[in-house]
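# Inside the fold
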Amino acid sequence: MKILISNDDGIFAPGVRSLTQAIAHAGHQVTVVCPDQERSATGHGITMNHPIRAEEIHSVFDPGVNAWACSGTPADCVKLAIWALLDSPPDLVISGINQGQNLGTDLLYSGTVSAAMEGLLEGIPSIAISLASYTSKNFAPAAEFATQLVQQLADQPLPSPMLLNVNVPDLPLEAIAGVIFTRQGVRRYEDIFQKRVDPRGRTYYWLAGEEIKDVEQTPDPQLGSEILTDVQGIRQNYITITPLQYNLTFREGLLSPPAWNFPVGIL
């Protein structure tokens, strides 16, 4: 398969090196286009008001891998690769391996997920893959699973383009409970901003906060309670796969709209 790999941790991050090495050694044609520095939590931002630069990188990956460092966001990287750097579209876009999980409502901010979502916007099946640890450098289990998943997709393609958001516990493969499909859950934080004072006496704020562990994961009325959320699954040491789409329409709001009365001419 022809595979485009990107991330939000930057071109020199160990996660993307582990992923690229595993996918390339499995015999796939790999191109890497990543930000030239870490751009985590940038969401789906794109660059419009200044140029985007891309520099070929020769010293990070295996000789058979074409790689570029891009001055833009994760979404920029995938968009630039598809429309300017590649001769033809890839069969699959993979973003990762991210340092830290991407679960629940954090997906709205994730540069990792946004890079993969940009591939999906172009009609290309995509994977976002994350290691559920902010400190561990053992990306080998996640890279091995990514290779297995790519082979599954090669043998049995998805029925329609979608984004598979994958989170892998920080455990050896033999200690992982299994692989489950999940729905997107909820994550909440407390004490999000720390108020500080700089040496000149000016107040500033540092985004911090701790996850609230006991947030209720409410059942989905259509899927039921038997399908775990990604948050629940990773806590039970499963590799979680959550199918995602970019259509944010709230269908119930259209099926049962409010009975509002507006002056004639507004709607």
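None of these values were measured; they are calculated from a predicted model. (Residues numbered from 1 in each chain as written. Predicted model: local features only at pLDDT ≥ 70, side-chain atom pairs only at ≥ 80, totals over all residues. Heavy atoms only, no water.)

Regarding its fold elements, the chain presents 6 helices and 13 strands. Relative to the 2.2 N^0.38 estimate, which gives 18 Å for 267 residues, the radius of gyration of the chain is 20 Å and therefore close to what a compact globule would have. If you line up the chain on its principal axes, its C-alpha atoms span 65 × 55 × 45 Å. The buried share among the 267 residues of the chain stands at 45%. When contacts within the chain are restricted to residue pairs at least 6 apart in sequence, those whose partners lie at least 24 apart make up 78%. Summed over its atoms, the accessible surface of the chain is roughly 14900 Å², and 53% of this surface lies on carbon and sulfur atoms. Here the chain holds 16 positive side-chain charges and 28 negative ones, and the gap between their average locations is 9 Å. (Helix = DSSP H or I, 4+ residues; strand = E, 2+ residues; numbered from the N terminus. Rg over C-alpha atoms; globule rule 2.2 N^0.38 Å. Buried < 20%, exposed > 50% of the residue type's maximum accessible area, 1.4 Å probe, protein only. Contact = heavy atoms within 4.5 Å. Areas by Shrake-Rupley, 256 points an atom, 1.4 Å probe, with all protein chains shown as cover. Lys, Arg positive; Asp, Glu negative; His and termini not counted. Charge placed at Lys NZ, Arg CZ, Asp CG, Glu CD.)

The linkage connecting Gly 96 with the following residue, Ile 97, adopts the cis geometry, with an omega of -5°. Locating Ile 97 in the fold gives a position in strand β5 (residues 92–99). Phi at Ala 41 takes a positive value of approximately 60°, unusual for a residue other than glycine. Note that Ala 41 resides in the loop between β2 (29–35) and β3 (54–56). The exposure class of Ala 41 is exposed, given its relative accessible area of 59%.

With that settled, the discussion passes to the UniProt feature "binding site: a divalent metal cation" (unreviewed entry) in the chain. The sites that UniProt annotates as "binding site: a divalent metal cation" (unreviewed entry) are Asp 8, Asp 9, Ser 40 and Asn 98. With the annotated positions falling across 91 residues, the maximum pairwise C-alpha distance of 9.2 Å places them together in a single cluster. In this structure, Asp 8 sits in the loop between β1 (2–6) and α1 (14–25). Classification of Asp 8 by relative accessible area gives buried; the value is 3%. Not counting the four nearest positions on each side in its chain, Asp 8 is found in contact with Pro 35, Gln 37, Glu 38, Arg 39, Ser 40, Ala 41, Pro 74, Asn 98, Gly 111 and Thr 112. Tracing the backbone shows Asn 98 in strand β5. Ignoring sequence-local partners within four residues, the contact set of Asn 98 consists of Asp 8, Asp 9, Thr 112, Ile 129, Ser 130, Leu 131 and Phe 139. A distance of 2.7 Å separates a polar side-chain atom of Asn 98 from the backbone oxygen of Gly 100. (UniProt positions renumbered as here; feature names shortened; annotations may be inferred. Polar contact = N/O pair within 3.5 Å; in protein donor to acceptor, adjacent residues only side chain to side chain.)

In this structure, Leu 19 sits in helix α1. Linking Leu 19 and Gln 194, residues 175 residues apart in sequence, is a C-alpha distance of 35 Å. Discounting chain neighbours no more than four positions away, the residues touching Leu 19 are Ile 5, Ile 94, Gly 96, Ile 97, Ala 143 and Ala 146.

Below, the discussion takes up the packing of α1 against helix α4 (residues 140–155). For the pair α1 and α4, interaxial distance at closest approach is 9 Å and the crossing angle is 40°. With respect to α4, the element α1 is oriented oblique. When the axes of α1 and α4 are compared, the crossing they make is right-handed. The segment α1 lies against α4, with Ser 18, Leu 19, Ala 22 and Ile 23 engaging Ala 143, Ala 146, Thr 147 and Val 150. (Axes fitted to C-alpha atoms, helices over the stretch in contact; angles between N-to-C directions. Parallel < 35°, antiparallel > 145°, perpendicular 65-115°, else oblique. Left-handed = near helix turned anticlockwise from the far one by under 90°.)

This brings us to the pattern of salt bridges. Applying the stated criterion across every chain, the model contains 4 salt bridges. Asp 36 is the partner of Arg 39 in a salt bridge, and the nearest nitrogen-oxygen pair spans 2.8 Å. Classification of Arg 39 as buried rests on a relative accessible area of 17%. Of the residues examined, Asp 36 reaches a relative accessible area of 32% and is grouped as partly exposed. The salt bridge involving Arg 202 is made with Asp 198; its shortest N-O contact spans 3.2 Å. (Salt bridge = Lys/Arg side-chain N within 4 Å of Asp/Glu carboxyl O.)

All right, on to the sheet that holds β3 then. One open sheet holds the 9 strands; their spatial order is β3-β4-β2-β1-β5-β6-β7-β13-β8, and the pairing between them is mixed. Of all strands in the sheet, those bounded by a partner on one side alone are β3 and β8 (178–181). Taking the axes of each pair of neighbouring strands and ignoring which way they run, one obtains an average angle of 20° across the sheet. Sitting on the sheet, α1 is in contact with β1, β2 and β5, with an inclination near 140° to β5. In this fold helix α3 (residues 111–121) packs onto β1, β5, β6 (126–131), β7 (163–168) and β13 (238–244), with an angle of close to 170° to the strand it touches most, β6. (Pairing = 2+ DSSP bridges.)

α3 packs onto helix α2 (residues 74–85) with a crossing angle of 25° between their chain directions and a minimal axis gap of 7 Å. As summarised for this structure, α2 and α3 are arranged roughly parallel, according to the angle between their axes. The way α2 lies across α3 gives a crossing that is right-handed. Here Pro 74, Ala 75, Val 78 and Lys 79 of α2 lie close against α3, whose contacting residues are Gly 111, Ser 114, Ala 115, Glu 118 and Gly 119. Residue composition of the contact of α2 with α3, grouped by class: 4 nonpolar, 3 polar and 2 charged. (Nonpolar A, V, L, I, M, F, W, Y, C, P; charged D, E, K, R; others polar.)

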